[in-house]
Protein chains: 4
Amino acid sequence: MRHQPLRLFYVRFLLGDESVKRKEGKGLKRDAIIDAAVQVFSSKGYHNTRMEEIAIAAGIGKGTIYEYFESKLQLFQALMERSLQTYYSKMETSDLQQLGFRERLCHLLEANFSFSRENKNLARIIYWDTDVIDEELKEWGLAIRKEKEEKLKAIVGEAITRGELREVDSYLTTLVIMGCLESMYVPIIFEDLDRPADELALQVVDMIMQGIGNK
Amino acid sequence: MRHQPLRLFYVRFLLGDESVKRKEGKGLKRDAIIDAAVQVFSSKGYHNTRMEEIAIAAGIGKGTIYEYFESKLQLFQALMERSLQTYYSKMETSDLQQLGFRERLCHLLEANFSFSRENKNLARIIYWDTDVIDEELKEWGLAIRKEKEEKLKAIVGEAITRGELREVDSYLTTLVIMGCLESMYVPIIFEDLDRPADELALQVVDMIMQGIGNK
Amino acid sequence: MRHQPLRLFYVRFLLGDESVKRKEGKGLKRDAIIDAAVQVFSSKGYHNTRMEEIAIAAGIGKGTIYEYFESKLQLFQALMERSLQTYYSKMETSDLQQLGFRERLCHLLEANFSFSRENKNLARIIYWDTDVIDEELKEWGLAIRKEKEEKLKAIVGEAITRGELREVDSYLTTLVIMGCLESMYVPIIFEDLDRPADELALQVVDMIMQGIGNK
Amino acid sequence: MRHQPLRLFYVRFLLGDESVKRKEGKGLKRDAIIDAAVQVFSSKGYHNTRMEEIAIAAGIGKGTIYEYFESKLQLFQALMERSLQTYYSKMETSDLQQLGFRERLCHLLEANFSFSRENKNLARIIYWDTDVIDEELKEWGLAIRKEKEEKLKAIVGEAITRGELREVDSYLTTLVIMGCLESMYVPIIFEDLDRPADELALQVVDMIMQGIGNK
DNA sequence: GATGAATGAGAGTTCATTCAT
DNA sequence: AATGAATGAACTCTCATTCAT
């Protein structure tokens with residue numbers, strides 16, 4: 001019982017069909033519910049959040065949520081999917097392929113930092129609430145992580161081949177970079193670290209590339 | 001509402017207080033319960049774990065847990081405290097003070113890696129289940145993290161002063177190092193990364209100190 | 001709170017009242033809704049049927065049902081009334097009064113069997129779904145049954161007086177006959193018993209009249 | 001998670017084990033819950049009965065029911081099973097095999113009548129609440145009925161062979177007899193028909209065997 | 001001290017009904 | 001008149017906690 005009248009909707013939308021406004025409203029309401037869910041889930045955690053709280057936060061009735069999502073778990077999954085879309089669309093901008101490793105890394109870090117800052121609640125969920133909500137969801141979370149890791153590892157490997165990096169272990173390097181990304185969430189989210197994202201990125205890239213050792 | 005009768009207990013124990021013997025027996029069973037709790041909580045998460053499951057895992061009756069812990073939350077808190085004690089006792093061995101930064105860092109990484117490997121369940125809880133179980137617990141988790149961070153930052157600052165490191169931002173450096181520590185948990189815990197801890201540590205320290213850039 | 005504007009409606013209809021035409025249109029849709037309700041209620045039972053299913057079966061919107069019926073219960077009541085009207089109109093044909101007991105009984109049985117066969121859904125509701133949907137409805141169902149019983153008992157009494165039957169207890173006889181009627185529903189409705197209704201009726205009447213004992 | 005420590009229980013019971021009393025109490029409580037369920041279900045119907053009402057009727061807490069039954073539906077199934085056991089144990093007394101058809105039929109009718117009278121609530125459920133509670137349950141109900149029918153048909157067939165009955169259709173005869181049984185429930189249950197069961201049985205058997213026709 | 005049967009507050013979910021469009 | 005999105009009362013079931021044994 002998923003909502004997938006997408007194609008028909010699109011046609012009507014192009015034709016300017018009146019009925020679309022209603023459908024459009026439905027899409028908007030769906031989003032509004034996810035927005036509310038992000039707020040509540042991120043501050044209280046999945047299990048401590050009652051469906052009614054989300055409804056209240058969204059300014060709607062409890063039952064209305066079930067018009068758009070089949071269950072609490074599905075709402076959370078939808079939230080995660082939309083969040084990751086937002087996250088990835090922020091990461092993968094256009095013509096990164098052309099850039100050198102240092103620039104790509106710098107962009108990656110900066111995008112991560114600013115995403116975290118602008119979407120604190122989302123980020124909190126993406127990085128903290130990977131709790132064991134559901135076995136399937138856990139697997140999914142790990143798979144997402146693995147995918148991210150593989151992409152990064154390919155980039156690292158390529159950079160080594162190109163001679164941009166010295167002969168390091170590409171896997172460990174990947175882990176170190178991911179660690180640097182992740183280590184910043186806590187201060188950004190919980191401690192309101194307010195240094196400019198680009199400056200932060202530059203400094204961290206510098207440390208990663210040159211190392212912190214004296215000479 | 002933290003459990004801190006530890007010191008008083010210790011005094012009585014040294015004095016041979018009668019009540020301690022009972023407490024000692026109690027202590028053993030208490031520990032057994034926490035052991036069981038570690039198993040179950042770490043594999044199913046806090047909210048998906050039922051008190052009865054812990055009781056069964058501990059081979060005792062459900063009601064007995066309440067003889068030793070006031071509530072599920074308090075049991076989890078006690079577990080976290082004991083886990084962190086174990087963790088820290090592993091980290092802060094003897095005469096690290098004398099060593100140079102590189103050696104201390106290396107030791108820290110190695111200790112972390114081997115701890116994670118030897119105490120997968122514990123590590124899983126410490127790094128993953130800091131979920132929003134309870135507002136108070138969340139604050140406490142963050143405070144612990146902050147404390148860790150401060151200690152590390154002091155060490156970094158000192159190393160810079162001593163000229164062991166170049167003039168980097170000690171705070172960012174701390175975050176990067178913590179990121180490197182944390183980034184290894186997932187592969188170790190979930191993917192059974194099996195490289196020797198000391199070798200891993202050496203490689204990562206090398207990357208951190210020299211950087212990964214070519215020249 | 002029974003629906004009984006039936007007579008008034010009939011008068012207006014004969015007089016050509018304008019309001020009737022609207023009502024007539026309404027009457028058609030009303031009937032269509034009841035038709036749909038018969039389908040759904042009879043296959044899923046009262047409580048397992050959702051108003052929306054009836055609406056879908058009727059090819060109309062959910063809210064429209066409420067233009068014609070005040071509530072789910074009232075829809076069911078209306079359905080029962082119409083069903084019983086249909087049932088009785090099938091039973092009480094023309095000049096049965098003239099016939100002898102055997103013929104009347106035979107007609108009754110045959111009419112019942114063919115009604116059941118031709119209106120399986122209706123029959124299922126009439127004989128099976130008199131479940132405890134509502135206290136008032138239960139009383140009503142019992143009253144209907146009692147009425148049926150009284151009619152039959154009068155016929156039986158008369159037949160005894162006329163000497164068509166031997167001196168049996170007219171009440172018990174009535175119950176036995178009703179039992180024979182009812183006992184056929186299950187095989188007809190659920191097992192598609194396909195013997196011709198008239199043949200079935202003859203055989204059963206024969207058993208009732210002559211008994212099954214040898215000699 | 002069914003309760004089936006029956007064998008172990010039995011051994012302990014024979015040995016007079018103390019722990020049995022508790023288990024025995026459990027069995028008693030299980031029965032008490034079913035008793036309460038019979039009361040409530042039979043007067044309000046399955047769907048109008050709330051679990052809490054059953055709990056209150058049983059003088060226990062709502063959650064306690066779930067210690068003994070997995071769900072509302074399972075409670076109802078258990079109730080039906082126990083009811084049918086009670087019913088059948090009443091029907092199938094000892095040495096009916098020896099008796100002639102007339103005597104067996106008489107016994108069957110009498111047993112049915114007195115069962116209905118003594119277990120009005122049970123009977124109400126067995127004969128009236130075969131509502132579409134659940135598809136599976138409906139099938140089961142029909143299967144039970146079919147089984148009953150087959151047994152009776154065999155007896156009828158045998159009686160015909162022995163020449164106790166004239167050459168009637170054994171299937172129809174079976175249906176007629178079942179109809180006679182069933183037709184008595186309503187007056188007995190809802191109208192407190194108070195004639196002695198044995199007398200009723202004799203009269204009905206007489207009608208069935210000799211017929212009601214004059215001569 | 002140990003137990004586990006009993007409990008009931010609380011949560012997710014359903015669906016008859018309403019009402020703005 | 002017709003609709004179906006929105007609603008919230010009502011219901012089942014769970015599980016931390018209690019307490020009599």
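Residues numbered from 1 in each chain as written. Chains lettered and ligands numbered in written order. Predicted model: local features only at pLDDT ≥ 70, side-chain atom pairs only at ≥ 80, totals over all residues. Heavy atoms only, no water.

A. Molecular detail of the overall build of chain A. Check the secondary structure of chain A and you find eleven helices and zero strands. Helices and strands in chain A line up, N terminus first, as α-α-α-α-α-α-α-α-α-α-α. With 215 residues in all, chain A has 47% of them scored as buried. Here the contacts in chain A between residues at least 6 apart in sequence split such that 68% fall between residues at least 24 apart. Approximately 10900 Å² of chain A is accessible, and the part contributed by carbon and sulfur atoms is 52%. (Helix = DSSP H or I, 4+ residues; strand = E, 2+ residues; numbered from the N terminus. Buried < 20%, exposed > 50% of the residue type's maximum accessible area, 1.4 Å probe, protein only. Contact = heavy atoms within 4.5 Å. Areas by Shrake-Rupley, 256 points an atom, 1.4 Å probe, with all protein chains shown as cover.)

B. A look at helix 5 (residues 72-91) of chain C. Between its first and last C-alpha atoms helix 5 of chain C spans 28 Å; for 20 residues at 1.5 Å apiece the expected length is 28 Å, and the two agree. For helix 5 of chain C, a buried count of 14 out of 20 residues is recorded, marking the element as mostly surrounded by other parts of the structure. (Expected span 1.5 Å × (residues − 1).)

C. Region of the structure containing the relation of the copies chain C and chain D. The two copies are related by a screw operation: chain C maps onto chain D through 179° of rotation and 0.0 Å of translation along the axis, at an RMSD of 0.2 Å. Seen this way, the second copy is the image of the first under a two-fold rotation axis. It is G211 of chain C whose C-alpha, among those of chain C, lies nearest the rotation axis, at 1.6 Å. With an isologous cut-off of 70% or more, the 98% of interface residues of chain C that recur at the interface of chain D puts this contact in the isologous class. (Least-squares fit on C-alpha atoms with pLDDT ≥ 70 in both.)

D. Focus on the pattern of salt bridges. Going through the model one piece at a time under the given rule, you end up with 50 salt bridges over all chains. The partner of E149 of chain D in a salt bridge is K146 of chain D, with the nearest N and O atoms 2.9 Å apart. Pair noted here: E149 of chain D and K146 of chain D are both in helix 8 (residues 135-161), with a separation of three residues, about one helical turn. Among the residues examined, K146 of chain D registers a relative accessible area of 26% and is labelled partly exposed. Shared partners join several salt bridges into a network, and the residues in it are D31, D35 and R82 of chain A. (Salt bridge = Lys/Arg side-chain N within 4 Å of Asp/Glu carboxyl O.)

E. Quick peek at the nonpolar core. With 100 residues, the main nonpolar core has F41, I54, I65, L75 and F101 of chain C together with F101 and V204 of chain D as its most contacted residues. Sort the elements by how many residues they give to this core and helix 5 of chain C lands first, with nine residues. The next biggest cluster of nonpolar side chains, apart from the first, holds 99 residues, and it includes A159 and C180 of chain A together with I144 and A159 of chain B. (Core = buried A, V, L, I, M, F, W, Y, C linked by side-chain atoms within 4.5 Å.)

F. Broad picture of the interface of chain A and chain B. Between chain A and chain B, the residue contacts involve 52 residues of the former and 53 residues of the latter. Across the chain A to chain B interface the summed buried area is about 4500 Å²; carbon plus sulfur atoms make up 59%. On the chain A side of the contact with chain B, R166, L172 and I212 of chain A bury the most area, a combined 16% of that side's loss. At the surface where chain A touches chain B, the tally comes to six salt bridges. When the shortest N-O distance is used, the salt bridge between D169 of chain B and R195 of chain A registers 2.7 Å. Between the two partners, chain A and chain B, sit 16 residue pairs in polar contact (both at pLDDT 80 or more). (Buried area = accessible area lost by both parts, 1.4 Å probe. Polar contact = N/O pair within 3.5 Å; in protein donor to acceptor, adjacent residues only side chain to side chain.)

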